Every structure is written in C-alpha cells, then in structure tokens.
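# What the coordinates show
This is what each chain is made of:
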Amino acid sequence: MALSRQTVYDLEEVYDVVAELDEEQVDKMFTKLQPILRDVVGKNKYGKDEIDDRLVELFVAAAKQAGVEEKWAKGYLFYVYFDDEEE
C-alpha cells in the first residue's frame, strides 16, 4: 500500500493548523506521540522512513486510544515524515 496524494495533503493541512498553536503545547503533544509512533511502527514492521495510508490509520487509531485527538496524530506524522530537519 502506498501513501495517497490526498493523505499527504490532509496531513499537511492538519500540520499547518497545529503548527500555529502554542509551541509549548505542540512540544508536549508531539513528545506524547513519540512512543506511540515507535510502538505502531515496530509492531507493524515498518522501516524508519516508510509511511503509507495504513500506517496513518493505525497511528491515528492508537493515538485516539491513548486519548490524543486525530489532529495531533496527523500533524505529528507530517512533521516526522516530511518536515523534521533533524536528520
């Protein structure tokens, strides 16, 4: 399965909204999401830079289960896979 163009647009759109929020709140939420993403990636055997629509669905579901809103999960995925400059 691949990452659809629409999913990328959706992630970017949500990230743009989240990025405008209080920086401290963004850092707090993204820090909370780090272990959730690590867990989802590990359990589903994704490589470091692999992302597809299924991973997005799995991660959003896991984040919701942990009490995190969908916007934070999607914003975090865009940040990690497309905007993080710490590589």
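Below or above, wherever it landed, is the structure these notes cover.

Thresholds, definitions, all that
Residues numbered from 1 in each chain as written. Predicted model: local features only at pLDDT ≥ 70, side-chain atom pairs only at ≥ 80, totals over all residues. Heavy atoms only, no water. Helix = DSSP H or I, 4+ residues; strand = E, 2+ residues; numbered from the N terminus. Rg over C-alpha atoms; globule rule 2.2 N^0.38 Å. Buried < 20%, exposed > 50% of the residue type's maximum accessible area, 1.4 Å probe, protein only. Contact = heavy atoms within 4.5 Å. Areas by Shrake-Rupley, 256 points an atom, 1.4 Å probe, with all protein chains shown as cover. Phe/Tyr/Trp six-rings, centres within 6.5 Å; stacked < 30°, edge-to-face > 60°.

## Here we look at the overall build of the protein
On a plain count of helices and strands, the protein comes out with four helices and zero strands. Its helices and strands taken in sequence order, the protein reads α-α-α-α from the N to the C terminus. In terms of overall dimensions, the protein is globule-like: its C-alpha atoms have a radius of gyration of 12 Å, near the 12 Å expected for 87 residues. Each principal axis of the C-alpha atoms in the protein carries an extent, and together these give about 35 × 25 × 25 Å. Counting all 87 residues of the protein, 36% fall into the buried class. Within the protein, contacts between residues at least 6 apart in sequence are counted, and of these 71% link residues at least 24 apart. Carbon and sulfur atoms make up 46% of the accessible area of the protein, which amounts to about 5800 Å² in all.

## Description of the environment of Leu77
Relative to the assigned elements, Leu77 resides in helix 4 (residues 70–83). The spatial distance from the C-alpha of Leu77 to the C-alpha of Glu12 is 9.1 Å, given a sequence separation of 65 residues. Aside from chain neighbours lying at most four places away, what touches Leu77 is Leu11, Leu37, Val56, Phe59 and Phe82.

## Thoughts on the packing of aromatic side chains
In this structure the tally under the stated criterion is seven aromatic pairs. Measuring from ring centre to ring centre gives 6.4 Å for Tyr15 and Tyr79, while their planes differ by 25°; the resulting arrangement is stacked. Taken together, the residues span a long stretch of sequence, with Tyr15 in helix 1 (residues 5–19) and Tyr79 in helix 4 at a distance of 64 residues. With a relative accessible area of 24%, Tyr79 lands in the partly exposed category. Pairing Phe30 with Tyr79 gives two aromatic rings, centres 5.5 Å apart and planes at 40°, and the pair type is tilted. A residue pair is termed long-range when its members are at least 10 positions apart, and Phe30 in helix 2 (residues 23–43) and Tyr79 in helix 4 qualify at 49 residues.

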